[in-house]
Amino acid sequence: MTNHWVDIKNADVVLIMGGNAAEAHPCGFKWVTEAKAHNKARLIVVDPRFTRSASVADVYAPIRTGTDIVFLGGVVSYLLANDKIQHEYVKNYTDFTFIVREDFTFTDGLYSGYNAEKHSYDKSTWDYEIGPDGFVKSDPSLTHPRCVYQLMKQHYARYTPEMVARVCGTPQAKFLQICEMMASTATPTRAMTIMYALGWTQHSVGSQMIRQGAMVQLLLGNIGIAGGGMNALRGHSNIQGLTDLGLMSNLLPGYINLPSENEQDYAKFIAARAFKPLRPNQLSYWQNLDKFVVSLMKAWWGDAATAENNWAYDYLPKLDKLYDMLQTFELMSQGKINGYICQGFNPLAAAPNKAKMNLSLAKLKYLVVMDPLATETSEFWRNFGEHNDVDSARIQTEVFRLPTSCFAEEEGSLTNSSRWLQWHWKGAEPPGEARSDLRIMAEIFTRMRAMYQSDGGAFPDPIVNLSWPYAHPNDPSPQELAREFSGKALKDLADPKDPTKITRKAGEQLAGFAELRNDGSTLSGCWIFCGAWGPTGNLMARRDNSDPTGIGQNLNWAFAWPANRRVLYNRASCDPSGKPFNRDRALISWNGTAWGGADIPDFKADEDPTHGMGPFIMNPEGVARFFARNTMAEGPFPEHYEPFETPLAVNPLSPKEPRALNNPAARVFDDDRKAFGKPAQFPHAATTYRLTEHFHYWTKHVRLNAIIQPEQFVEIGDALAKDLGIASGDWVKVESNRGFIKAVAVVTKRLRALQVDGKTLHHVGIPIHWGFKGLAKPGFLANTLTPVVGDGNSQTPEFKSFLVRVEKV
Amino acid sequence: MADMTRRQFLAVTGATLAGSSLALLGFSPAAAIAEVREFKLARATETRNTCPYCAVACGIVMYGLGDAAKNAEASIIHIEGDPDHPVNRGTLCPKGAGLLDFVHSPSRLMYPEYRAPGSDKWQRISWDDALGRIAKLMKQDRDANFVAKTPEGLTVNRWLTTGMLAASASSNEVGYLTHKVIRSFGALAFDNQARV
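Residues numbered from 1 in each chain as written. Chains lettered and ligands numbered in written order. Predicted model: local features only at pLDDT ≥ 70, side-chain atom pairs only at ≥ 80, totals over all residues.

(A) Molecular detail of the overall build of chain B. In terms of helices and strands, chain B carries five helices and nine strands. For chain B, the sequential pattern of α-helices and β-strands runs α-α-β-β-β-α-β-β-α-β-β-β-α-β. Looking at chain B as a whole, 44% of its 196 residues are labelled buried. Contacts in chain B between residues far apart in sequence, at least 24 positions, make up 34% of those at least 6 positions apart. (Helix = DSSP H or I, 4+ residues; strand = E, 2+ residues; numbered from the N terminus. Buried ≥ 20, exposed ≤ 12 C-beta atoms within 10 Å, placed from the backbone. Contact = placed C-beta atoms within 7 Å.)

Next up, the structure:
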């Protein structure tokens, strides 16, 4: 979230799209209710299903799954055509005026530089025009035909209300009503928040859907203000924190990309990420990158990381490609992965195409599962009838199942959607012989280290030299680790302006990332968390819930990264002179000498606003981008492509170009492409989701939840049920080209037939929560049905749009 | 009716309005010998924690028996929303309201187990045997397949044949240590639930 849960109460308009907060995040959704009750906010819900969020909405619009870019592109087109934009905001705080290179083109759904064989782009033309002064050229009059404003207007002119109705199946009148409601927040004093979740991320164009939402918010001046923002409602209690800490194939802690194998030179690795300003007097904060990297390397390799060895740069593995989950399971299916560790993760249930997962896991030599619960993955080798029909004797994988503690039995911090790191305390011992994940990971490491120390082996250096200063080497404490990722001084730190003054003594915790140095004198395992455990102690454990400004900032509750800031980009809540756009909901302001107020300024604290520094300090332009330059796989502007399993034969936005039917820049493996189904055989659009009563694949192990929602079901609309002769309570078989599930049918008015491209289309709703382990009645894993294709940027699987056929059993 | 016990009296008066008027007619029960049962949570230890499900991260209060003394084994007996928490203000959803049954789920794993190649059952093993065997398998695989340099001579120091999926509800401290350990081995096939 750019903003945070409590801040939703400040919104005047709430858009829930690509999510269903009332059911998936019920206690967060209360703040929507609060906004409606006390701020007269109006709630818009756009979803293929009439969800419980929709049931309390002022306006609900149905949409065909996977077509959100058409809907939001239509909104962009409406706002531009009707001049419903926050002029002062877009002109000063976005790239509206910037001029794009002449050789950048867009024709029939494809951008310049497309390579059809590789399914990827040469992105060199996707950039601004740079002037002789080294800065981006701009046209404040907005008349230049290649300024971002004009290009965008032209790009989205095709996204008409008629096109929205035709592609999305959304009635035009509903669409226009929603456009008007959103447009009401183009004034400087009204705010709209967008709340989304996996309904946007789990598409082959998911990242672009989110960008398109952000573009709407920028046009309306809704980023950086109270009650605004782009608010990703994360699905698990700490996937925010684990992503912040870089537990991804290609990341280091703090959103630093791991080097690729072509980056052999440390200085070039830094230079490629430490962006130089693209406009005069911009902060371009990533210029501080080397301080973050050196402090990380000191945290990991201590004295072995020196200036002479480029801070142990060779210890970092170098990428030749992304080894995300889908890539890894592809390699596993080819027999190229020997060992796998699943820590609190149940991929047999959570990854697409269960049949492929079963085959892949069976090719492993060893599988290690660490979990508090008996998961499906840990028993993938056991026959559970048609729910998991395998022959144990033929599966040669050695499996270890290690019992771990759960939340109640451990201490530490979790990072929620609001970016709050909240400390929690231990209430009991784990059952039986269960151990904490810390103890298990530490002992795997110390055993490996001991073997490398005594016997040697392949490149032992990063293992034997790993900094391991913990009092109990086999059981590091959460406190030790939190202090380490937060950071401390390794030597006395002198004030750069006055070297006689020591600002921080050796060994002291640091107050924030501004204290980090690139000379090896500081240590911090995750720069964005720096200060979470500061010189005054553990700020994550703070429990002062006071709210002196009344806008729900709670600055003394826990710690929000970065720098305890609650609303990102909050400089954009003020006009260029530093006065709040909305005095009633002011976050910060300029008092003539400094920035301050109800939040930690997301800006240089003493920067005079008249000097023109932009509010988006992480971007080298200093402003937000409508034109994404080369940062996205598919192109600089979001463009609609159909889901990989689509009921349509052509993309109505690019009817002449078959290569633009689906995401042209998606990575699809051959076996997975062959497993896609066609609408002739599988005519129904399917989507998966969570229920109010269950959490993921966990609560089927929980008695109370297994009682209130005991049995697997699928939802089908009245009209489809009538066509197929299905009554509520009948058993149905839902089949995709990859497998089938059987479940009880719930016939409902909540899923209505849509008119799409002149034909009637039915959706089938598939809740995900059942499996062959647990207390609830045994059922099929929903991912038996889903296709293996990821978003072109994040490789998040397309669980929200695929094709099935429903029949009565 | 005059020698009705206290428990029977409560049952009758609790059940009907007519019953409650019995007391007015003079049918009061014999004096209670035992004290009124103490409120169950009064002697419990309160521990602040966070709901491990979605990322609203509602504050919870866990009530445990046992006073944290060395020989008193704690057991969580009740979990409710933390009224001080600025987001959930004491409330919980139908998922969070069942948390106690997560802690005490019959699916909780109690000891390390091993499934041999081709077998259709688990066998119990010790932590020492499990971790010893895992570390040995990992080292064998790493030593056999570690890529220090590409054929072109680029230094890459990567290990691609063992991968890991990290958790989604483990703490930042667990995540940090897990990342530190896994990257020191040179692993790249490493993701967490955020990928999904």
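(B) Examining the overall build of chain A more closely. Along chain A, the regular secondary structure elements total 22 helices and 33 strands. For a compact globule of 809 residues, the expected C-alpha radius of gyration is about 28 Å, and chain A comes in at 27 Å, within 12% of that figure. Taking the principal axes of its C-alpha atoms as reference, chain A extends roughly 85 × 70 × 55 Å. For chain A, with 809 residues in total, the buried portion stands at 61%. In chain A, once contacts between residues fewer than 6 apart in sequence are set aside, the share between residues at least 24 apart is 71%. (Rg over C-alpha atoms; globule rule 2.2 N^0.38 Å.)

(C) Spatial organisation of the domain arrangement of chain B. We note that the domain assignment places domain 1 (1–37), domain 2 (45–103), domain 3 (111–136) and domain 4 (146–195) within chain B. For domain 2 of chain B versus domain 4 of chain B, the distance between C-alpha centres works out to 33 Å. (Domains from an automatic or database assignment.)

(D) Quick peek at the sheet that holds strand β5 (residues 123–124) of chain B. Taken together, seven strands build an open sheet; the order of strands is β5(B)-β4(B)-β14(A)-β13(A)-β12(A)-β8(B)-β9(B) and the sheet is mixed. If you trace the sheet from one side to the other, it starts and ends with β5 and β9 (190–192) of chain B, each paired once. Bridge count for strand β12 (residues 339–343) of chain A against strand β13 (residues 366–371) of chain A is five bridges, and the pairing is parallel. Across the sheet, residue A:Tyr340 finds its bridge partner in β13(A), namely A:Leu367. (Pairing = 2+ DSSP bridges.)

(E) A look at the interface of chain B and chain A. The interface is formed by 102 residues belonging to chain B together with 134 residues belonging to chain A. With 13 residues, the single largest contributor to the side of chain B that touches chain A is helix α5 (residues 172–185) of chain B. As defined by bridge partners, strand β14 (residues 398–403) of chain A adjoins strand β4 (residues 113–115) of chain B across three bridges and the pair is classed as antiparallel. Along β4(B), the bridge assignment pairs A:Arg401 with B:Glu113.

(F) Here's a closer look at the environment of A:Glu443. Looking at where A:Glu443 falls in the secondary structure, it is placed in helix α17 (residues 437–455). Taking C-alpha positions, A:Glu443 is 9.9 Å from A:Pro476, a pair spaced 33 residues apart along the chain. Ignoring anything within four residues of it in the chain, the contact list for A:Glu443 reads A:Asn474 and B:Leu131.

(G) Representation of the pairing of β14(A). Residue and element names in this part refer to chain A. The element β14 is largely enclosed, with a buried count of five among its six residues. Pairing between β13 and β14: six bridges, direction parallel. In the sheet register, Met-370 faces β14, and the bridge partner there is Leu-402.

(H) A look at the domain arrangement of chain A. Residues and elements named next belong to chain A. We note that the domain assignment places domain 1 (6–232), domain 2 (325–414 + 434–444) and domain 3 (658–808) within chain A. Inter-centroid distance (C-alpha atoms) of domain 2 to domain 3 is 24 Å. Listed as interface residues are 19 residues of domain 2 and, on the opposing side, 23 residues of domain 3. Within the residue set of the side of domain 2 that touches domain 3, elements represented by two or more residues are α14 (325–333), α15 (347–350) and α16 (354–361). Looking at which element gives the most residues to the side of domain 2 that touches domain 3, the answer is α16, with three residues. Among the residues forming the side of domain 2 that touches domain 3, the class breakdown is nine nonpolar, five polar and five charged. (Nonpolar A, V, L, I, M, F, W, Y, C, P; charged D, E, K, R; others polar.)

(I) Layout of α17(A). Between its first and last C-alpha atoms α17(A) spans 27 Å; for 19 residues at 1.5 Å apiece the expected length is 27 Å, and the two agree. Among the residues of α17(A), those classed as buried are A:Asp437, A:Leu438, A:Ile440, A:Met441, A:Ala442, A:Glu443, A:Ile444, A:Phe445, A:Met448, A:Arg449 and A:Tyr452. For α17(A), the elements touching its buried residues are β12, β13, β14 and α18 (461–464) of chain A together with α4 (127–145) and α5 of chain B. Just beyond α17(A), the residue with positive phi is A:Gly456, at close to 70°. (Expected span 1.5 Å × (residues − 1).)

(J) Summary view of the sheet that holds strand β16 (residues 420–424) of chain A. Residue and element names in this part refer to chain A. Taken in spatial order, the three strands line up as β15-β16-β23 in an open sheet, and their pairing is antiparallel. The open sheet is flanked by β15 (412–415) and β23 (559–560), the only strands paired with a single partner. Pairing between β16 and β23: two bridges, direction antiparallel. Bridge assignment links Leu-421 to a residue of β23, and that residue is Phe-559.

(K) Local environment of unusual backbone geometry. Residue and element names in this part refer to chain A. In this chain, Trp-561 is followed by Pro-562 through a cis amide linkage whose omega measures -5°. One can find Pro-562 in the loop between β23 and β24 (588–590). Of note, Asp-83 is a non-glycine position whose phi angle comes to about 55°, a positive value. As for its placement among the helices and strands, Asp-83 is situated in the loop between α4 (68–81) and α5 (87–93).

(L) Geometry of the nonpolar core. In this structure, A:Val14, A:Val148, A:Met182 and A:Val734 are the most contacted members of the largest nonpolar core, which totals 302 residues. No other element matches helix α13 (residues 289–301) of chain A, which puts nine residues into this core. (Core = buried A, V, L, I, M, F, W, Y, C linked by C-beta atoms within 7 Å.)

(M) Region of interest: the pairing of strand β1 (residues 13–17) of chain A. Residue and element names in this part refer to chain A. Burial analysis of β1 places five of its five residues in the buried class, which makes it a mostly covered element. The alternating pattern of β1 places Val-13, Leu-15 and Met-17 and Val-14 and Ile-16 on opposite faces, both of which are buried. Pairing geometry for β1 and strand β2 (residues 42–46), over five bridges, is parallel. Note on β2: the bridge partner recorded for Leu-15 is Ile-44.

(N) Spatial organisation of the environment of A:Cys406. All names here are of chain A. Residue position: Cys-406 is located in the loop between β14 and β15. Overall, the presence of 24 C-beta atoms within 10 Å leaves Cys-406 in the buried class. Between the C-alpha atoms of Cys-406 and Asp-371, which are 35 residues apart in sequence, the distance is 8.5 Å.

(O) Summary view of helix α8 (residues 172–183) of chain A. Residues and elements named next belong to chain A. With 12 residues, α8 ought to run about 16 Å at 1.5 Å a step, and its terminal C-alpha atoms sit 16 Å apart, in line with that. Among all positions of α8, only Phe-175, Ile-178, Cys-179, Met-182 and Ala-183 are buried. Buried residues along α8 cover an arc of 135° about the axis, so they all sit on one side. (Arc of directions from axis to C-beta.)

(P) Fine view of the environment of B:Glu80. Of note, B:Glu80 is situated in strand β3 (residues 75–81). As a C-alpha pair, B:Glu80 and B:Asp128 span 48 residues in sequence and 37 Å in three-dimensional space.

(Q) Structural view of the confidence of the model for chain B. Model confidence for chain B is summarised by a mean pLDDT of 87, while 82% of its residues fall at 70 or above. Scored as a whole, the predicted complex attains pTM 0.95, and scored at its interfaces, ipTM 0.98. (pLDDT = per-residue confidence, 0-100.)

(R) Focus on the packing of helix α19 (residues 478–486) of chain A against α5(B). Running from N to C, α19(A) and α5(B) cross one another at 70°; their axes reach a closest spacing of 9 Å. By the criterion of interaxial angle, the relationship of α19(A) to α5(B) is roughly perpendicular. Within the contact between the two elements, α19(A) uses A:Pro478, A:Leu481, A:Ala482 and A:Phe485 and α5(B) uses B:Asn172, B:Glu173, B:Tyr176 and B:Leu177. In the contact of α19(A) with α5(B), the residues fall into six nonpolar, one polar and one charged. (Axes fitted to C-alpha atoms, helices over the stretch in contact; angles between N-to-C directions. Parallel < 35°, antiparallel > 145°, perpendicular 65-115°, else oblique.)

(S) Quick peek at the packing of α17(A) against α4(B). Where α17(A) meets α4(B), the closest approach of the two axes is 9 Å, and the angle between their N-to-C directions is 55°. One element, α17(A), and the other, α4(B), form an angle in the oblique class. As α17(A) runs across α4(B), the sense of the crossing is right-handed. Note on element contacts: α4(B) touches α17(A) through B:Leu131, B:Gly132, B:Ile134, B:Ala135, B:Met138 and B:Lys139, opposite A:Glu443, A:Ile444, A:Arg447, A:Met448 and A:Met451. Of the residues contributing to the contact of α17(A) with α4(B), the split by class is seven nonpolar, one polar and three charged. (Left-handed = near helix turned anticlockwise from the far one by under 90°.)

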